[in-house]
Amino acid sequence: MKTGKVLLMGRPNVGKSTFVNNLLGQKVAITSPKPQTTRFAIKALYQDERGKIIFVDTPGIFGKAEDKLSKKINAKTLSVIKEEVDLVIYMIDHTRKRDFEEARVLGLVRKIEKPKILVINKMDSEEKSYLPQYKFLEEEFDSVFEISALLRQNFRLLMNKVFELLPEKGTEEIPEDLVYPLINLDSRTFLSELIREKVFLMMGEEIPYRTTAIVDSISERDNGITYIKARILTTDDRYKGMIIGAGGRKIKEIGSYARKEIALAINKKVYLELTVETDPHWQDIYY
Ligand SMILES: Nc1nc2c(ncn2[C@@H]2O[C@H](COP(=O)(O)OP(=O)(O)OP(=O)(O)O)[C@@H](O)[C@H]2O)c(=O)[nH]1
Ligand SMILES: [Mg+2]
């Protein structure tokens, strides 16, 4: 039985969180077509008959962080990738051109002196491919795989290599009784992530980047319904109005979408009380 810690890196939007979710067969990280959906490192446990692996899904680092939030996320991610790991998976999206952002993440990957696997994701995509621009990378890595995180293609081959490259005993002690995949997230945080995901999926361009979600309480009532009180915080009254929508329609939609997923995730009937607040300083406290 091997144990190890695998760091997943790549620029925003390459499919890191999609990969972790589909590998584990359970959603542990939210995903969306917008960059920097993941805001903090998410550690989750993978296990099969060969051993146990802690996967560390990281936020994609922006090439140039302009606002306060992405600066914070970038800085925090830089500190997470300095933690001791046993292997690095560097994921790229061949449907996007290689540019300075890619170069920045690659520069960070190069500094880590551990076995490294290059994973080329989105092989199912019909979009134009820039694969030749990434060919030069192959010799720097111990191994290269072309996968589709979305369709779970080539996961078996990739995981064979991951286990092959892992040491017998990795850097981190994994408790025997650990079964739940999420390691560094409590249920309140996870549920707030599910709500935040709906904002990423349902609101336009800049709003998700000015917004977060907080779950204030989770309580089970005698009638068997789990009652969840949560807030969406945004920096500006203008955004608050847009999230609420005409006649409260938008917030209802977001709430209903989130409620359904939370109910599925916890396998209980859920009542979600979701409100929107303006808090220009939420980024100083939470993100
Ligand atoms: N076609 C295709 N799309 C994919 C694949 N993997 C991920 N995507 C899509 O790419 C987008 C980004 O996926 P995420 O998993 O959120 O990407 P990420 O690397 O975690 O992004 P950040 O958290 O922002 O750094 C989503 O719309 C996914 O559905 C894939 O294999 N094929
Ligand atoms: Mg992500």
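Computed from a predicted model, the values in this text were never measured in an experiment.

**Student:** Can you help me understand the packing of aromatic side chains in this one?
**Tutor:** Any two aromatic rings considered together are summarised by their centre-to-centre distance and by the angle between their planes. Counted by the stated rule, this structure contains seven aromatic pairs. Taking 6.2 Å as the distance between ring centres and 75° as the angle between the ring planes, the aromatic pair formed by phenylalanine 19 and phenylalanine 55 counts as edge-to-face. Remark: phenylalanine 55 occurs in strand β3 (residues 51–57) and phenylalanine 19 occurs in helix α1 (residues 16–24); sequence separation between them is 36 residues. With relative accessibility at 0%, the residue phenylalanine 55 sits in the buried group. Residues phenylalanine 19 and phenylalanine 155 carry aromatic rings whose centres are separated by 5.1 Å and whose planes lie at 75° to one another, so their mutual orientation is edge-to-face. Of this pair, phenylalanine 19 sits in helix α1 while phenylalanine 155 sits in helix α4 (residues 155–165); the two residues are 136 residues apart in sequence, bridging distant segments of the chain. Of the two residues, phenylalanine 19 and phenylalanine 155, both sit in the buried class. Above the face of the tyrosine 257 ring, lysine 198 is positioned so that its terminal group lies 4.8 Å from the ring centre. The ring of tyrosine 227 has arginine 221 lying over it, and the distance from NZ or CZ to the ring centre is 4.1 Å.

**Student:** Help me understand the coordination of the magnesium ion (ligand 2), please; the structure alone is not making it clear to me.
**Tutor:** A metal bound by six donors in octahedral fashion has ideal angles of 90 or 180 degrees, whereas one bound by four tetrahedral donors has an ideal angle of 109.5 degrees. Protein-derived coordination of the magnesium ion (ligand 2) comes from Ser17 (OG) and Thr38 (OG1), at a distance range of 2.0 to 2.1 Å. Here serine 17, found in helix α1, pairs with threonine 38, found in the loop between α1 and β2 (42–48); they are 21 residues apart in sequence, far enough to count as distant.

**Student:** In this structure, what is going on with the domain arrangement of the protein? I would like to understand it.
**Tutor:** By a frequent convention, interface size equals the accessible area lost on bringing the separate parts together. Domain boundaries assigned for the protein yield domain 1 (2–165) and domain 2 (187–285). Domain 1 and domain 2 are separated by 28 Å when their C-alpha centres are compared. Each partner contributes residues to the interface: domain 1 has 17 residues there, and domain 2 has 22 residues. Both sides together, the interface formed by domain 1 and domain 2 hides about 1,600 Å², and carbon and sulfur atoms give 51% of it. Summed over the three residues of domain 1 that lose the most area to domain 2, namely Ile30, Lys34 and Arg39, the buried surface amounts to 38% of that side. Across the contact surface, domain 1 and domain 2 share four salt bridges. Linking glutamate 197 and lysine 27 is a salt bridge whose minimum nitrogen-to-oxygen distance equals 2.5 Å.

Rules of the game
Residues numbered from 1 in each chain as written. Chains lettered and ligands numbered in written order. Predicted model: local features only at pLDDT ≥ 70, side-chain atom pairs only at ≥ 80, totals over all residues. Heavy atoms only, no water. Phe/Tyr/Trp six-rings, centres within 6.5 Å; stacked < 30°, edge-to-face > 60°. Helix = DSSP H or I, 4+ residues; strand = E, 2+ residues; numbered from the N terminus. Buried < 20%, exposed > 50% of the residue type's maximum accessible area, 1.4 Å probe, protein only. Lys NZ or Arg CZ within 6 Å of the ring centre and 35° of its normal. Donors = N, O, S within 2.8 Å, 3.2 Å for Na, K, Ca; no water. Domains from an automatic or database assignment. Contact = heavy atoms within 4.5 Å. Buried area = accessible area lost by both parts, 1.4 Å probe. Salt bridge = Lys/Arg side-chain N within 4 Å of Asp/Glu carboxyl O.

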